[in-house]
Amino acid sequence: MNIITKWMKRTVMSALFIGALLTTFHSISGVEARSLVQLQQNAEQAGKDGNSNYEHTLKSVGVAFKFLKEAVSLEPKISATEAVAIEQAPTLEESIDWSKYQIRQVIATGYTAFYESTGKNPDHPSFGITYSGVKVKRDLYSTVAADLNVFPIGTILFIPEYGYGVVADKGGAIKGNKLDLYYETVDDVYNNWGKKTLDVYIVEMGDGTLTEEDLRLLNENEAMQVFRQQYIKSEKK
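Residues numbered from 1 in each chain as written. Predicted model: local features only at pLDDT ≥ 70, side-chain atom pairs only at ≥ 80, totals over all residues. Heavy atoms only, no water.

**Here we look at the pattern of salt bridges**
Okay, so step 1: Counted according to the given criterion, the structure contains 5 salt bridges.
Okay, so step 2: Of the charged contacts, one joins Lys 137 and Asp 139 as a salt bridge, the two residues approaching to 3.8 Å between their closest N and O atoms.
Okay, so step 3: With a shortest N-O distance of 2.7 Å, Glu 213 and Arg 216 are connected by a salt bridge. Here Glu 213 pairs with Arg 216, and both are found in helix α7 (residues 212-219), just 3 residues apart, close to one helical turn. (Salt bridge = Lys/Arg side-chain N within 4 Å of Asp/Glu carboxyl O. Helix = DSSP H or I, 4+ residues; strand = E, 2+ residues; numbered from the N terminus.)

What follows is the structure, encoded as structure tokens:
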């Protein structure tokens, strides 16, 4: 009887351990650990009845482990489904009627915050800081440089294949209908852009000001998050 009692205590401890694991998986995958409740009831009943339900309790432990294995395999399936949904979502070009916006043809090149584009190295106190005062950023709404007589600071443009560009900077060579689009690395510039002549859409003309909070609110707009992933993922590959 002592041996049976000892094994029963181990069974209950195993049940509690499995319960903790299932709770963790529930918080990740949303799977409810219903089998844990039944397992605990079986263990308690087995303790009351002696050896009569011992075999059934051990079988319940096996069922719980099988359930745990299924829970482990569920989360990646959910992630894959979400990834497909993002991949199949329409692009901004397809989702908005751009014909209602004023069009301007520009010559657009790419630039980085590094020496080859700005003459500054990372140890420079103003490295990565635009003329407007905000930090350079590659996102759904990225910082771009323009001739401020054409596009004042804060102007929002939609640039096909790049995303939204917010005028935050200027440059000595950026005169007239020219833009410099920010990328994080030189490789990104060459692999994703280079130099293009194209039509851009003027979403909103700026008033000469732009703050970090303005940029944050634009990029964290909840309704735009699917589009946001489409535009930043290419540089993360």
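**Digging into the layout of surface pockets**
Empty space among the atoms can be located by rolling a probe the size of a water molecule over them.
Okay, so step 1: Of the pockets and cavities examined, the largest pocket occupies roughly 440 Å³.
Okay, so step 2: Surrounding the largest pocket, 25 residues form its lining, Tyr 111, Thr 112, Ser 117, Thr 118 and Asp 180 being those nearest its centre.
Okay, so step 3: Taken together, the elements giving at least two residues each to the lining of the largest pocket come down to β1 (102-111), α5 (115-118) and α6 (186-192).
Okay, so step 4: Along the lines of polarity and charge, the residues of the lining of the largest pocket split into 10 nonpolar, 10 polar and 5 charged. (1 Å grid on protein atoms, 1.4 Å probe; cavity = no way out; pocket = protein on both sides within 12 Å on 5 of 7 lines; lining within 4 Å. Points joined across faces, edges and corners; volume = space filled by probe spheres on them. Nonpolar A, V, L, I, M, F, W, Y, C, P; charged D, E, K, R; others polar.)

**Things to note about the nonpolar core**
Okay, so step 1: Counting 39 residues, the largest nonpolar core has Phe 151, Ile 159, Tyr 164, Leu 179 and Leu 181 as its most contacted members.
Okay, so step 2: Sorting the residues of this core by element identifies β1, β2 (141-146), β3 (156-159), β4 (163-169), β5 (178-182), β6 (195-204) and α8 (225-232) as the ones contributing at least two each.
Okay, so step 3: Ignoring anything within four residues of it in the chain, the contact list for Leu 181 reads Ala 108, Thr 109, Gly 110, Tyr 111, Val 144, Ile 159, Tyr 162 and Trp 193. (Core = buried A, V, L, I, M, F, W, Y, C linked by side-chain atoms within 4.5 Å. Buried < 20%, exposed > 50% of the residue type's maximum accessible area, 1.4 Å probe, protein only. Contact = heavy atoms within 4.5 Å.)

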